[in-house]
Every structure is written in C-alpha cells, then in structure tokens.
Amino acid sequence: MSATLTALRGPARVVVRQHRWTLRVAGGLAVLAAFAMIAVALRSSHVVEVFEATGCSPDGGTGRACDQTARNYWDSVSRYDWFLGNFASALRFLPVLFGAFVAGPLIARELESGTFRTAWTQSVSPARWLAAKLAVPTVLVLAGSTALAAVLHWARNHSGTPRSPEWYSADAFATTGTVPAAQLLFGLGVGVLTGLLARRALLALAFSGFATGAVVTVFTYGRGLLWPRNTLTGRTLNVRENIWWVETGHLTSGGARLPDDVCAGSTSATGYNRCLADHDITGSYVDYHPQSHFWPLQLVETGILLALAALALALAFRVLRRLHG
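Bear in mind the structure is a predicted one, so any value in this text is a computation, not a measurement. (Residues numbered from 1 in each chain as written. Predicted model: local features only at pLDDT ≥ 70, side-chain atom pairs only at ≥ 80, totals over all residues. Heavy atoms only, no water.)

K.L.:
Would you explain the overall build of the protein in this entry?
P.N.:
When helices and strands are tallied, the protein shows twelve helices and four strands. Put simply, the protein has 325 residues, and 41% of those count as buried. If you take every contact in the protein between residues at least 6 apart in sequence, the share linking residues at least 24 apart comes to 77%. (Helix = DSSP H or I, 4+ residues; strand = E, 2+ residues; numbered from the N terminus. Buried < 20%, exposed > 50% of the residue type's maximum accessible area, 1.4 Å probe, protein only. Contact = heavy atoms within 4.5 Å.)

Right, dumping it as structure tokens:
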C-alpha cells in the first residue's frame, strides 16, 4: 500500500489514503480466499486419487467395505464442492457490494459531509474528482475479481471431483468469461448515479445494492432469451449431454405447443395415453442452448450491461455538472 501511495498523485492518492484500511482488508480476504481454494482443490484431488486406488466403485455395491468407502468419498467430495460453490456464489455477489460501496462510502458520504467542496476549491474539476474517486477502486476490484475467478476455474478443473457445475449454471456462467467484469462496471455506474442523486450514504448504499442485485437477477433468469435457441422435435428426443434445456413441452399434429405437464394429472398409463390423444399430441419439443452458445450469450449480456453502465455514468456526469453549477 505504501508503494501504491508513492506512485499515485493528487486525488487518486487521497482516495487510497481515505480507504486504505478497506482496501487492505479486502486485499487480505482475497488472498486468503485464493489460498483456500487452492488448498481445497489439492485436497480434493488427493481424496479422489486415494479412492481410485482402492478399486471401489463410486456407486458402492461391491461389498460392505466398499460401500462405506464410497459413502466417505462422496461425503468428502460434497464438502469440497460445497466450499467452491459457496465461493462462486460470493463472487457473484461482488458487483452488488462494489456498487453499494461506490454509492455510499465513496460518493454519497462525500456529498453528505460536504468534503467534496475542499477538493473542488483546490484546482480539481468535478469531473477529475469523480474520475479519481472511481479509478483506483475500479482497477483494484477488476484485477482482484479476475484473479479470483481464474483461481476458481483452476480449482474446479483440478479438484478431480465428478460434480463440476454445467457451463450454463448461474455460478459457472457468471464467474467466467466477460460477464463478471461487465457486472462490476454496471455496479460502478449504478453506484455513482445513485450516490450523486441520493447524497445520503445509507440511502445510496441501499438503493444501489437493490438496483444492481435486481438487474443481475433478471439476467440470471432471463439470459436464455439473449440468443436464438436450437429446437429438437420428435416422438422420442435424442437429447445430447451438456446442453441447456430452456423449454420443453408437447407438440400437436398442427405444430402447436402445449405445456409439458398438460397430462400430469393422469394416474395410469392408459389415462396418460388417452390424454395425449384428446389433446392431439403427436410429439415433443425441447428448446436448448448447446455449449457453442456460451460465448454468444456471454458477449450479448456483456454488451447490454456495458451499455447500461455507460448510460448510468453519462447521467452521473450530467448530475455532477448541475451540482457544480
């Protein structure tokens, strides 16, 4: 931190000095998390190697001793997967925390206390003041989150467990590719705008966290609509592995789509077949994304988030000019 302070000049150096303890704590937690993930991955890989050396099947069923060994193996694997899954969930929550930090302690508290006027009277323009406020934490958070996402990806690939999350799962999709950085920049834009509008630290913090979390949640549940889906139809669907099932259901002879549970109330095979005939159902369909859609989905979501972030920042600078005027 001292080296950083020496290299920085002007408002950026002031920002680091004001929030040096927050930056130190955040940096320390990031380093601990990285070492913890590496340790978990190495330990998990060792457990898998030891289990494979026993000659037992993961499903057990080859004797009482192997049944117990398999249960112990799955208990250990579940614990390690639980840790990596929870860390991925925490990493997904980082844009919300970052937006709240920018909105509250970084921007709104300065306006609430009036300390921003001191900087503006020392030949520092409002635009430069805001840019300096944002530059240092943004660069550090982007670099730290990218490093943690890389460590998480390495840990999952080297843990040796057979339960790696699918590419389309919320934890995997939102912690790889370009989406994590886009979400952080969106949180930045929302945080700046709400901080300048609210001018009250707690109010800005709460509203920024809510707005960022709401948008991230919308994308989590709606990203399947961001790119045209492939469709498979027929009486029996030869569904390939590692695809993202977006929607499935029944087809009538005329091509109309019916919900998958339209005959769910039937209690017997005869009743189920009669229900299919009554609804003129001749086949089924599934809309899906293959793994080749990973990057199109990533880039479309990234583009939308960056556009929203740019709009929020443009509005924030307009509000700042009015505040200065």
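Read on, since the account is not over.
K.L.:
Honestly, the environment of G191 in this entry has me stumped. Any pointers?
P.N.:
Locating G191 in the fold gives a position in helix α9 (residues 179-198). A residue is classified by how much of its surface remains accessible, and G191, at 0% relative accessible area, is buried. Considering only alpha carbons, one finds G191 and G104, 87 residues apart in sequence, at a separation of 7.7 Å. Apart from the residues lying within four places of it in its own chain, the contact partners of G191 are G99, V102, A103 and S208.

K.L.:
Even after reading the chapter, I still don't get the packing of aromatic side chains, so can you show me in this structure?
P.N.:
Ring pairs (aromatic) are described by centroid distance and by the angle formed between their planes. Using the criterion set out here, one finds eight aromatic pairs in the structure. A ring pair is formed by W167 and W244, whose centres lie 6.3 Å apart and whose planes are at 80 degrees; its orientation type is edge-to-face. Residue W167 is located in the loop between α7 (126-158) and α8 (170-173), and its partner W244 is located in strand β2 (residues 244-252); the two are separated by 77 residues in the primary sequence. The exposure class of W244 is buried, given its relative accessible area of 14%. Taken together through their ring pairs, the aromatic side chains of W167, Y168, F173, W244, F294 and W295 make up a single cluster. (Phe/Tyr/Trp six-rings, centres within 6.5 Å; stacked < 30°, edge-to-face > 60°.)

K.L.:
Explain the sheet that holds strand β3 (residues 257-259) here, please?
P.N.:
Sheet strands pair via backbone hydrogen bonds, and the direction of the pair is either parallel or antiparallel. Ordered in space as β1-β4-β2-β3, the four strands form an open sheet in which the pairing is antiparallel. For this open sheet the edge positions go to β1 (230-234) and β3, each flanked by a neighbour on one side alone. Across this sheet, the average inter-strand angle for adjacent strands is 35 degrees, counted without regard to direction. (Pairing = 2+ DSSP bridges. Axes fitted to C-alpha atoms, helices over the stretch in contact; angles between N-to-C directions.)

K.L.:
What is the right way to read helix α10 (residues 201-222) from this model?
P.N.:
Turn by turn, an α-helix covers 3.6 residues, leaving residues three or four places apart pointing in a common direction. Taking 1.5 Å as the rise per residue, α10 with 22 residues should run 32 Å; its terminal C-alpha atoms sit 31 Å apart, in good agreement. Of the residues making up α10, those classed as buried are A201, A204, S208, G209, A211, T212, V216, F219 and T220. (Expected span 1.5 Å × (residues − 1).)

K.L.:
Explain the pairing of β2 here, please?
P.N.:
One face of the sheet, then the other: side chains in a regular strand alternate in exactly this way. Bridge count for β2 against strand β4 (residues 281-289) is eight bridges, and the pairing is antiparallel. Residue pairing for β4: T252 is matched across the bridge by I281. Judged from the three bridges that link them, β2 and β3 form a sheet pairing that is antiparallel. Among the inter-strand pairings, H250 is bridged to a residue of β3, identified as L258.

K.L.:
Please explain helix α11 (residues 269-278) as it appears in this structure.
P.N.:
Those residues of α11 that fall on the buried side of the exposure criterion are G271, C275 and L276. Each buried residue of α11 lies within a common arc of 140 degrees when the element is viewed along its axis, so the set occupies one face. Turned more than 90 degrees away from the buried face of α11, the exposed residues are A269, T270, R274 and A277. Packing partners of the buried residues in α11 comprise β2 and β4. (Arc of directions from axis to C-beta.)

K.L.:
What should I look at first to understand the packing of helix α3 (residues 20-54) against α7 in this one?
P.N.:
Two packed helices can be described by the angle between their axes and the distance between those axes. Between α3 and α7, the least distance of the axes is 8 Å, while the angle of their chain directions is 10 degrees. On the basis of the axis angle, α3 is roughly parallel to α7. In contact with L23, A30, A33, A34, M37, I38, A41, L42 and S45 of α3, α7 contributes L140, L148, V151, L152, W154, A155 and H158. Taken together, the residues of the contact of α3 with α7 sort by class into 14 nonpolar, two polar and no charged. (Parallel < 35°, antiparallel > 145°, perpendicular 65-115°, else oblique. Nonpolar A, V, L, I, M, F, W, Y, C, P; charged D, E, K, R; others polar.)

K.L.:
What should I look at first to understand unusual backbone geometry in this one?
P.N.:
Note on backbone geometry: most residues besides glycine have negative phi, and most peptide bonds are trans. The backbone of R199 shows a phi angle near 60 degrees, a positive value even though the residue is not glycine. Here R199 lies in the loop between α9 and α10. Given a relative accessible area of 34%, R199 falls into the partly exposed group.

K.L.:
Sorry if this is basic, but what is going on with a nonpolar patch on the surface here?
P.N.:
Residues V25, L29 and L32 make up a contiguous nonpolar surface patch of roughly 310 Å² in combined accessible area. Checked against the element boundaries, L32 lands in helix α3. For L32, a relative accessible area of 58% puts it in the exposed group. (Patch = residues over 30% accessible without salt bridge, like charges linked within 9 Å, V, L, I, M, F, W, Y side chains within 5 Å. Areas by Shrake-Rupley, 256 points an atom, 1.4 Å probe, with all protein chains shown as cover. Salt bridge = Lys/Arg side-chain N within 4 Å of Asp/Glu carboxyl O.)

K.L.:
Sorry, what's going on with the pattern of salt bridges here?
P.N.:
Side-chain pairs of opposite charge can arise whenever the charged atoms involved come near each other. Going through the model one piece at a time under the given rule, you end up with four salt bridges. Of the charged contacts, one joins E247 and R229 as a salt bridge, the two residues approaching to 3.8 Å between their closest N and O atoms. With E247 in strand β2 and R229 in the loop between α10 and β1, the pair connects residues that are 18 residues apart, well separated along the chain.

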